[in-house]
Amino acid sequence: LFRSNEITAVARLLALACILSVFIPAFIMSDPLRSLFMPLALGVGFAMISSYLLSSTFVPVMAVWLLKPHHPGAHPAKEPFFERVVVAAYERLAGWIVALRWLVVPSYLAGVAIALLWLGARLGTELFPQIDSGQFVLRFRPPPGTNFEITRMMAQKILGVIERECGKDAIDISIGFAGQIAPNFGLNNVILLMRGPDDGMLRVALREGSGVRLDSLRERLREILPGEVSPWLAGEFVRTGLDRQTADSRARNISFGFEPGDMVSNVMSFGSPAPLEVVVYGPRLPEVRAHAEKIKREMAKIPCLRDVQFRQSLDYPTVDVDIDREKAGLSGMDAQNISDSVLVATNSSRYVALNFWQDTTTGFDYQVEVLVPTQRMTSAREVETIPLSQVNNFTNLMLRDVADVRGGVTPGQIDRFSSQRFISVTANIEATDLGTASRLVDRAVAQAGNAPKGVSIIMRG
């Protein structure tokens, strides 16, 4: 046996090296792939190394001891200890089990079933292992309709709080987007993933070895950001002309939410900005919203959920212009004249009259447009004083003379599923697994009651 062990040692070592070489790439991977494959590589590697060591040491010794040659007629004066104690005890135990097999087998199966049920109720389920990638995305939203400049300054304020909490040296790189490109600029807003001037996003990557735990940092930011940003935002609103009470009330209507920072988490969410998303859709938006609000209230009661909020802006401030056709007719105006005047003042003349100027030196052409600065068009009062084109010698005609101008609200973002509008409730998960959180959300949806006729619910994320 020992001679055979020496002959096969090199062959077994080569087989071990071939198997281990397959898992070498796992040691040079980076997260999140490293976190996925490293446990498998270590498990197989240590198992193979242990198997090789045992086959070279313990197994040959035990084989020599247990497989001794037996000569007929040879009766040793004294039985070895192993046969006298261990083998005899094993024979007695095996005989007892076989004799009571009708009791032992059902008891064994029942014990296995109880163990599986007990462990199954405590083991979490995930689509992908939760990892600390050191990257996160913070989506912040001031009150609907907030000016782009305030959103931009809010991003700088939040970034300062992040630097203070985790240390400026701990941040490797940060990038931010605030607001949405104005419609008078020729850029596709889809690439920015922004819903309007009241939307912002910060993407932060922490340095490797910084010692900052991502889950602890997220919880800390959720706790302190509303208290630090709201008073500052109220002061900015006061500087724009709002009274203190209105400014304080508006400043409390802010929201923060974290989104996946690494590529794998984004892919695993299948396009959703959060791991959990409940989509409520139907033909009548008021009924859809009413039921979505019930679900949101029930989800907010779940302790392991964070950042429970609507993905869409549901109450975006608007200025409604209702043309009085009788007054407009008496003034010699029509709907086209009035709408052109409003469009030029609130957006740009490019939608009414395209005007290009060409530089004869370079050959480049430039679009020339006229618009009122956004900081001078902030309320229904400014809109109703828009001057209209001169018609029938009415030189001082304003919009309020031919139309009813008033403030209102409207959905700031319209999403459709199967040609029907939907509202989605999103949530993040902390301190639990995806399977447990998903079951709790299913229970919350059930507790919200039956959906109105025609309203449906689907789960995403």
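Each remark here, short or long, concerns the structure printed above.
This report concerns the structure included in the present document. (Residues numbered from 1 in each chain as written. Predicted model: local features only at pLDDT ≥ 70, side-chain atom pairs only at ≥ 80, totals over all residues. Heavy atoms only, no water.)

**What about the overall build of the chain?**
Reasoning step 1: Summing up its helical and strand segments, the chain has 14 helices and 13 strands in all.
Reasoning step 2: Taking 2.2 N^0.38 as the reference for a compact globule, 461 residues should give roughly 23 Å; the C-alpha atoms of the chain span a radius of gyration of 36 Å, well beyond that estimate.
Reasoning step 3: Over its C-alpha atoms, taken along the principal directions, the chain stretches across nearly 135 × 60 × 40 Å.
Reasoning step 4: In the chain, which comprises 461 residues, the share counted as buried stands at 30%.
Reasoning step 5: Within the chain, one finds 47 positive and 47 negative side-chain charges whose respective centroids are separated by 8 Å. (Helix = DSSP H or I, 4+ residues; strand = E, 2+ residues; numbered from the N terminus. Rg over C-alpha atoms; globule rule 2.2 N^0.38 Å. Buried < 20%, exposed > 50% of the residue type's maximum accessible area, 1.4 Å probe, protein only. Lys, Arg positive; Asp, Glu negative; His and termini not counted. Charge placed at Lys NZ, Arg CZ, Asp CG, Glu CD.)

**Thoughts on the nonpolar core**
Side chains of nonpolar character tend, in soluble globular proteins, to be buried together.
Reasoning step 1: Ranked by size, the top nonpolar core spans 30 residues in total, and within it Ile-158, Ile-162 and Phe-256 carry the most contacts.
Reasoning step 2: Only strand E1 (135-141), helix H6 (148-166), strand E3 (200-206), helix H7 (214-239), helix H8 (244-251) and strand E4 (255-260) provide two or more residues apiece to this core.
Reasoning step 3: Top contributing element to this core by residue count: H7, with ten residues.
Reasoning step 4: If near-sequence neighbours (up to four positions away) are discounted, Phe-256 is found in contact with Leu-138, Arg-139, Phe-140, Met-154, Ile-158, Leu-225, Pro-226, Val-229, Asp-307 and Gln-309.
Reasoning step 5: Formed by 23 residues, the second largest nonpolar core is a distinct cluster that contains Val-288, Val-425, Ala-444 and Val-445. (Core = buried A, V, L, I, M, F, W, Y, C linked by side-chain atoms within 4.5 Å. Contact = heavy atoms within 4.5 Å.)

**Topic: the sheet that holds E4**
Reasoning step 1: Across the sheet, which stays open at both edges, the four strands sit in the order E2-E3-E1-E4 with antiparallel pairing between neighbours. The sheet is open, and its two edges are formed by strand E2 (171-178) and E4, each paired on a single side. If you compare each strand with its neighbour and ignore which way they point, the axes differ by 20° on average.
Reasoning step 2: The sheet contact formed by E1 and E3 spans six bridges and is antiparallel. Note that in E3 the partner of Val-137 across the bridge is Arg-203.
Reasoning step 3: Each of E1, E3 and E4 is contacted by H7, which is oriented at about 160° to E4, the strand it contacts most. (Pairing = 2+ DSSP bridges. Axes fitted to C-alpha atoms, helices over the stretch in contact; angles between N-to-C directions.)

**Describing unusual backbone geometry**
Reasoning step 1: A positive phi angle, near 55°, is found at Asp-307, a position not held by glycine.
Reasoning step 2: Here Asp-307 shows up in strand E6 (residues 305-310).
Reasoning step 3: Positive phi values are uncommon outside glycine, yet Ser-419 reaches one of about 65°.
Reasoning step 4: With respect to the element layout, Ser-419 can be found in the loop between strand E11 (416-417) and strand E12 (420-429).

**Let's talk about the pattern of salt bridges**
Reasoning step 1: Inspection of every chain in the model, using the stated rule, returns 24 salt bridges.
Reasoning step 2: Arg-141 serves as the salt-bridge partner of Asp-199, at 3.2 Å between the closest nitrogen and oxygen. Taken as a pair, Asp-199 in the loop between E2 and E3 and Arg-141 in strand E1 lie far apart in primary sequence, 58 residues in all.
Reasoning step 3: Lys-301 is the partner of Glu-298 in a salt bridge, and the nearest nitrogen-oxygen pair spans 3.5 Å.
Reasoning step 4: For Glu-298, a relative accessible area of 17% puts it in the buried group.
Reasoning step 5: A residue is classified by how much of its surface remains accessible, and Lys-301, at 59% relative accessible area, is exposed. (Salt bridge = Lys/Arg side-chain N within 4 Å of Asp/Glu carboxyl O.)

**Describing helix H2 (residues 33-56)**
Reasoning step 1: Look at H2: 35 Å from first C-alpha to last across 24 residues, which is about the 34 Å you get at 1.5 Å a residue.
Reasoning step 2: Every buried residue of H2 is accounted for by Met-38, Ala-41, Gly-45 and Tyr-52. (Expected span 1.5 Å × (residues − 1).)

**A closer look at a nonpolar patch on the surface**
Reasoning step 1: Nonpolar side chains collect at one region of the surface, where Leu-93, Trp-96, Ile-97, Leu-100 and Leu-103 lie side by side and expose about 490 Å² of accessible area between them.
Reasoning step 2: With three residues, the single largest contributor to the nonpolar patch is helix H4 (residues 81-99).
Reasoning step 3: In this fold, Trp-96 is placed in helix H4. (Patch = residues over 30% accessible without salt bridge, like charges linked within 9 Å, V, L, I, M, F, W, Y side chains within 5 Å. Areas by Shrake-Rupley, 256 points an atom, 1.4 Å probe, with all protein chains shown as cover.)

**Points about the packing of H2 against helix H3 (residues 58-66)**
Reasoning step 1: Contact pair H2 / H3: the axes reach a minimum separation of 3 Å and the direction vectors enclose 40°. By the angle between their directions, the pair H2 and H3 is classed as oblique. Listed contacts from H3 to Leu-53, Leu-54, Ser-55 and Ser-56 of H2 are Phe-58, Val-59 and Pro-60.
Reasoning step 2: The class makeup of the residues in the contact of H2 with H3 is five nonpolar, two polar and no charged. (Parallel < 35°, antiparallel > 145°, perpendicular 65-115°, else oblique. Nonpolar A, V, L, I, M, F, W, Y, C, P; charged D, E, K, R; others polar.)

**Concerning the packing of helix H10 (residues 285-300) against helix H14 (residues 434-447)**
Reasoning step 1: One can describe the packing of H10 onto H14 by two numbers: an axis separation of 8 Å at closest approach and a directional angle of 135°. Relative to H14, H10 is oriented oblique. Crossing hand, H10 versus H14: right-handed. Counted together, Ile-295, Glu-298 and Met-299 of H10 and Val-441, Ala-444, Val-445 and Gln-447 of H14 form the full contact between these two elements.
Reasoning step 2: Taken together, the residues that form the contact of H10 with H14 break down as five nonpolar, one polar and one charged. (Left-handed = near helix turned anticlockwise from the far one by under 90°.)

Remember that the coordinates give geometry; whether it matters functionally is a separate question.
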